[in-house]
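Coordinates in review
Listed here are the chains, written in short residue letters.
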Number of protein chains: 2
Amino acid sequence: MLSLNNDSDIPLYSQLSTQIMESIVRGDLSTGDTLPSVRVLAGDLGVNMHTVNKSYHELESKGIIEIVPKKGAVIKANEQKISAKRIEILSEEFRPIVVEALVNGMKKEEIHQIITNIIIKIKKED
Amino acid sequence: MLSLNNDSDIPLYSQLSTQIMESIVRGDLSTGDTLPSVRVLAGDLGVNMHTVNKSYHELESKGIIEIVPKKGAVIKANEQKISAKRIEILSEEFRPIVVEALVNGMKKEEIHQIITNIIIKIKKED
DNA sequence: AATCTGTTCTATTTCGTCTATAACAAACAT
DNA sequence: ATGTTTGTTATAGACGAAATAGAACAGATT
């Protein structure tokens, strides 16, 4: 179930993108499935149409979905091999958080444990 | 050496905070060391005094440094035991990036490898 | 005594987010 | 065929964060 938090400092469209990606990881959404129209989902979530539209385009730029104008948004099959460029982008996103963990005295294994727990958490939630 | 990127979508004060934390992790800054005054560092980096001030206060809120009014900013000793609350905060920050990695088809071990590489990279840089 | 320090205040510019409304042309449903 | 739904595009406004600028203050340093 999707739900956005207005009080968060994370933009609504980013929250939505992340939650849709979580649904895919969890298996609730699979390759070929279509997402609700921007108007319908906006109505369900109580946000503006453009906010949902922005999220969909963010997902499209990440290669997660395909937007067919006048038709809808479809979940794409995930690439079998992740590109080196994508890994580089992910690394840059991970970096500041890893630094913060390290400066707090955490060891590599403890950070790995946090990652492991997050993965477990994502796959268990509904 | 500190250097900020004006074209980045990451705020200047956040970039600065991260780089200072990296210096600590790397050992270039140790407990008891004092940071440059907000005016001096701002001059070196070519940014406004308030931008550096904001970074220092962000670091103080994270418990990394201590600001003594009219004196300066000093690197604090890192807590021997990281609090559960801090781990929770870090987890929430890690989460969306982990999701993005998973939706790209990465496995747990591959994400661990990215983390490991980041740590190596941080400690090697100058 | 002069300088340097972080602090506080006011002000302005710029940009991203979010909302709102409207119109368009293509796809779809009945 | 008609009416609805679709994503797209455009314009507009409100709001807050980021960043800059300049000035003044009082305590610490030299």
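Reading the values: the criteria
- Residues numbered from 1 in each chain as written.
- Chains lettered and ligands numbered in written order.
- Predicted model: local features only at pLDDT ≥ 70, side-chain atom pairs only at ≥ 80, totals over all residues.
- Heavy atoms only, no water.
- Least-squares fit on C-alpha atoms with pLDDT ≥ 70 in both.
- Contact = heavy atoms within 4.5 Å.
- Near = heavy atom within 4 Å.
- Polar contact = N/O pair within 3.5 Å; in protein donor to acceptor, adjacent residues only side chain to side chain.
- Helix = DSSP H or I, 4+ residues; strand = E, 2+ residues; numbered from the N terminus.
- Nonpolar A, V, L, I, M, F, W, Y, C, P; charged D, E, K, R; others polar.
- UniProt positions renumbered as here; feature names shortened; annotations may be inferred.
- 1 Å grid on protein atoms, 1.4 Å probe; cavity = no way out; pocket = protein on both sides within 12 Å on 5 of 7 lines; lining within 4 Å.
- Points joined across faces, edges and corners; volume = space filled by probe spheres on them.
- Buried area = accessible area lost by both parts, 1.4 Å probe.
- Salt bridge = Lys/Arg side-chain N within 4 Å of Asp/Glu carboxyl O.

Chain A appears in an unreviewed UniProt entry as GntR family transcriptional regulator from Paraliobacillus quinghaiensis.

Points about the relation of the copies chain A and chain B
Mapping chain A onto chain B calls for a rotation angle of 179° and an axial translation of 0.0 Å; the resulting RMSD is 0.1 Å. The relationship between the two copies is best expressed as a two-fold rotation axis. Considering only C-alpha atoms, the part of chain A nearest the rotation axis is H112 of chain A, at 3.0 Å. Most of the interface of chain A is mirrored in chain B: 100% of its interface residues are interface residues there too.

Concerning the protein's contact with DNA strand D
Close contacts around DNA strand D come from 23 residues, with R39 of chain A together with L12, Y13, H50 and T51 of chain B the closest. In this structure, a sugar or linking oxygen belonging to DNA strand D sits 3.1 Å away from a main-chain N or O atom of K70 of chain A. Within the side chain of H50 of chain B, a nitrogen or oxygen atom sits 2.7 Å from a base oxygen of DNA strand D. Put simply, the parts of the chain that give the surface near DNA strand D at least two residues each are α2 (38-45) and α3 (49-61) of chain A together with α1 (12-26) and α3 (49-61) of chain B. Taken together, the residues of the surface near DNA strand D sort by class into 10 nonpolar, seven polar and six charged.

Things to note about the UniProt feature "domain: HTH gntR-type" (unreviewed entry) in chain A
The positions that UniProt labels "domain: HTH gntR-type" (unreviewed entry) are, in the present scheme, residues 10-78 of chain A. The distance from the first to the last C-alpha atom of residues 10-78 of chain A is 26 Å, and the span holds 52% helix and 14% strand.

Overview of the layout of surface pockets
Taken as a whole, the second largest pocket holds about 480 Å³ of empty space. As for the second largest pocket, its lining consists of 26 residues, and the residues nearest its centre are L102, V103, N104 and G105 of chain A together with N78 of chain B. The set of elements that each furnish at least two residues to the lining of the second largest pocket consists of α4 (84-103) of chain A together with α1 and α5 (108-124) of chain B.

Focus: the interface of chain A and chain B
Of the residues lining the interface, 41 residues belong to chain A; the matching set on chain B comes to 41 residues. A combined buried area of about 4300 Å² lies between chain A and chain B, and 72% of that area is made up of carbon and sulfur atoms. A per-residue breakdown of the area chain A buries against chain B is headed by F94, R95 and V103 of chain A, which together make up 16% of the total. There are nine salt bridges connecting chain A and chain B. When the shortest N-O distance is used, the salt bridge between E100 of chain A and R86 of chain B registers 3.7 Å. Across the contact surface, chain A and chain B share 11 residue pairs in polar contact (both at pLDDT 80 or more). Looking at the side of chain A that touches chain B, the elements with two or more residues in it are α1 (12-26), α4 and α5 (108-124) of chain A.

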